[in-house]
Each structure stands twice: as structure tokens, then as C-alpha cells.
Amino acid sequence: MNEQDFRALVEADAPLFSKIITCRPFSVPIPESPMQLSSNVERRVLVTGGAGFIGSHLCDRLLELGYDVLCVDNMFTGSKRNIEHLMGHSRFELLRHDVTLPLYVEVDQIYNLACPASPVHYQHDPVQTTKTSVLGAINMLGLARRLNARILQASTSEVYGDPEQHPQTESYWGHVNPIGPRSCYDEGKRCAETLFFDYHRQHNLDVRVARIFNTYGPRMHPDDGRVVSNFVVQALTGADLTLFGTGAQTRSFCFVRDMVEGLIALMEYEGDQPGPVNLGNPVEFSMRELAEKAVALTGSQSVFVSKPLPEDDPKQRQPDISKAHDLLGWAPSVHLEEGLRETIAYFEKILPETTSHA
Ligand code: NAD
Ligand code: UDP
């Protein structure tokens, strides 16, 4: 679905999409302030990968909601800058630790986000990437079992590979190359899902598997090679925008604030719901359209340059989010242009010098 069709559906008051725009992101009311947390609410939350892009926003939101947050990160792709504003917060703690090693802490809930997410980063040391997904899952599941804690896995749309079903529903088993350059990530995440479901079946552990689709926003790493950060940084610095292949391949981009609300809604859902649940924004764009938006919104003079399409690059990707919507009452609310403006403002602030201005 493109943005025009999406807006047409909304205007025609089509039932699902009108709800997407207007519904509150939670079916279960999550307290707005720490004061509203009742004493029996679980309070101590572990966020692995908490110094990364999504993880740091998750830590922010959990602290806002009154939780004690233990952020565990080995700083491979995360950065202290992402969480420096939290240092000194009475309910925030940072522990430098690699999830491929066992961890002994006391918490009530675990969000397992530790894993490099950009193709450039996860292909840098592919063996370590698989270890992070698989050993990380084993260690965090073992911890959750010992503590009888609920645990959420940050899985990915990459479990669908280069999908032959479009849009992707959770019942689709995917189309993944097991031996290609993306396999360390795709198969690592698939194996982690297997482990989560086996712990659920075998040990009755309360697990939640979220399949996250492309997410963007402030605190993306400027050099991580992902398309939104690449295009925005290139446009702001006057560099050529690197369009891989023809630029006709599609992705659906979810703003990080929406994603964090979806992750918390899934974690907070009361009842047996291991998932998997797709979380993402269903509005689909081609990479050429995204590049055009980046140039227009930055007012850049940059031009496009063609680069070869990476091996196994999925041709299309769009989440079917009916399950998240029906179960959690969740749907994204930030349109791409709005989210891009915030992202551009962030990069304008952190880049040493920019040549273009919005
Ligand atoms: P990110 O690279 O910014 O964050 C990952 C964090 O995990 C970093 O802080 C990194 O230092 C840490 N980490 C990596 N290996 C570790 C290890 N062995 N031990 C401890 N910490 C480790 O990526 P992100 O975009 O914030 O992604 C967070 C999670 O969401 C990942 O699990 C990723 O697979 C998943 N996800 C993200 C997207 C997206 O579009 N951003 C899409 C699908 C899934
Ligand atoms: N892409 C691009 N130019 C870039 C970086 C990425 O055209 O500078 C394309 C890439 O080929 C893919 C899409 O953008 O088709 C999304 O890439 P990204 O690495 O952000 O995420 P993923 O492929 O994991 O969805």
C-alpha cells in the first residue's frame, strides 16, 4: 500500500485504517506517570541493548512510566551518548556486559534487544552476530526462567527473508537464504524465536516475540549504513544519495516512538500471548521515494547515485499489523514526513557540519 492509498482509505473511513489513525496505542492502560504505578506493578526491568537506537528510547519511556531500568549493553553499536541524559537518574543503571555470557541479576521483566541491527554492522562479524542472537537468547531465557520473569524478544521482519507473501502476516514462514551474507542475522533471529517458543512450551515461560519492521528516528547511528540515516546524512552534508539497485525495492518505516509503544503494549498485555506479533508501519515506500523525501525535507542540492543492490536484499516489505491492532489496540501514528523531520533535526544537531538546511 502506498501513502496515497493509505490516506484514501482513511478518508473513506475504512474500518481498520480509520482506527489506526485514531486509536490509543494501548488496550491495557499504561500509567502515564510514576505516581500512578500501583505497588504490585512489576517494577524492575532489564533492557539488553539499552544503549542502542531503539533500546535507549525504550529506557526513556520505561523510566517515564515509573519502572526501575537496568540497561545492559556491550557498546558494540550502542553509545553512551544515547543514554547520557539518564546517567544519575535514580531508577537507571548501566551495566557493560555481553549477552553471550550468562548474567545474574534480579528483575521482573526482560526486553531482549541486544543485537546489531544494520546490515553493515551485523555483517562486520557474522559469527558474533549469530552468537549474540542465539547464545544471548539462551542466556536471557535462562535468566527469565530462574526469575520467572516475562521476557520479550526483539525479533525482526528479516525472519520473512525476501518475502513471497505480501504484505507479511505472522503465519507466513518466510523465504530466507540460510547461507548468504544476511543469514547470520536472519537465521540467528529465527533460531532465537525457536528458543523462545520452546521455553514457552517446555518450561511454560511467559514469552513475547515482537517482529519489528524497519524503524527509524533520532539516535540512529550516522554511520550504520541503514537507509534512513544514510539518506538524511548524505542530504544534509551535500553528498550523493546512494540508491542501491533501481531504488524500486520497498520498505515500510515506523517511527521509533510508535515502536516503543508497541513493544511496551505487547509486554504489558495480560494473558498468554507469546506472539509472534508484527510491529511496524504499514505504509510502504520505494527507496527512490524515500530519497526524494530526504532531499525535499532537507532542502538539499544532493543528487542520486546508483550502487549495486546488496546480495539477498529483500525486494518488498510491508507488515500486516492486524494482529497488533486487534490484540493490543496498537497502531503507529507518526507519518513518515513528520518522523523524518524529527530525524533530520537530530542529525543536524549531531553532525559536525551540514551544508543544507530544512
Ligand atoms: P542498535 O544496533 O542501535 O542496538 C543494538 C544494541 O545492542 C546496541 O546498543 C549494541 O551495542 C547492543 N549489543 C549488540 N551485541 C550485544 C551483545 N552481544 N551484548 C550486549 N549488547 C549487545 O540496533 P536497534 O536498531 O536499536 O535494534 C534493537 C533491536 O531491535 C535488535 O535486536 C534488532 O535486531 C531489532 N530490530 C531493529 C530493527 C530496526 O529497524 N531498527 C528492525 C528489526 C529488528
Ligand atoms: N539502501 C539504499 N541506499 C543506502 C542504504 C540502503 O538504497 O544507502 C536500500 C537497501 O538496499 C534496502 C533498503 O534501502 O533495499 C533498506 O536498507 P536498510 O539497510 O536500511 O534495511 P534492511 O535492508 O535491513 O531492511
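Above this text is the structure in question.
Residues numbered from 1 in each chain as written. Chains lettered and ligands numbered in written order. Predicted model: local features only at pLDDT ≥ 70, side-chain atom pairs only at ≥ 80, totals over all residues.

S.K.: Hey, could you run me through the sheet that holds strand 2 (residues 68–73) in this one?
M.R.: Backbone hydrogen bonds hold the strands of a sheet together, and the pairing may be parallel or antiparallel. One open sheet accounts for 7 strands, arranged 3-2-1-4-5-6-11; its pairing is parallel. For this open sheet the edge positions go to strand 3 (92–96) and strand 11 (277–279), each flanked by a neighbour on one side alone. Taking each pair of neighbouring strands and ignoring which way they run, the sheet shows an average axis angle of 20 degrees. Both strand 4 (residues 109–112) and strand 5 (residues 150–156) contribute to a ladder of 4 bridges, which runs parallel. (Pairing = 2+ DSSP bridges. Helix = DSSP H or I, 4+ residues; strand = E, 2+ residues; numbered from the N terminus. Axes fitted to C-alpha atoms, helices over the stretch in contact; angles between N-to-C directions.)

S.K.: So what exactly am I meant to see when it comes to the site of ligand 1 here?
M.R.: Near ligand 1 lie 28 residues; those nearest to it are Gly49, Gly52, Thr77, Gly78 and Ala117. When residues of the shell around ligand 1 are assigned to their parent elements, the largest contribution, 3 residues, is made by helix 3 (residues 53–64). Here the shell around ligand 1 is composed, by residue class, of 13 nonpolar, 13 polar and 2 charged. (Near = placed C-beta within 6 Å. Nonpolar A, V, L, I, M, F, W, Y, C, P; charged D, E, K, R; others polar.)

S.K.: Honestly, the pairing of strand 5 in this entry has me stumped. Any pointers?
M.R.: Within a regular strand, the side chains alternate between the two sheet faces. Judged by how many residues are buried, strand 5 sits mostly within the fold: 6 of 7 residues are covered. Pairing of strand 5 with strand 6 (residues 207–212) involves 6 bridges; the strand directions are parallel. Across the sheet, serine 155 pairs through a bridge with arginine 211, a residue of strand 6. Since strand 5 and strand 6 lie parallel, the crossover through helix 7 (residues 183–203) that links them has a hand, and here it is right-handed. (Buried ≥ 20, exposed ≤ 12 C-beta atoms within 10 Å, placed from the backbone. Right-handed = clockwise from strand over helix to strand, strands pointing away.)

S.K.: Quick question: what am I supposed to make of the site of ligand 2 here?
M.R.: If you check the shell around ligand 2, you find 15 residues, and the closest are Arg226, Val227, Asn230, Thr242 and Phe244. Those elements that provide at least two residues to the shell around ligand 2 are helix 8 (227–237) and strand 8 (241–244). Broken down by element, the residue count for the shell around ligand 2 peaks at 3 residues, all from strand 8. For the shell around ligand 2, the class distribution of residues is 7 nonpolar, 5 polar and 3 charged.

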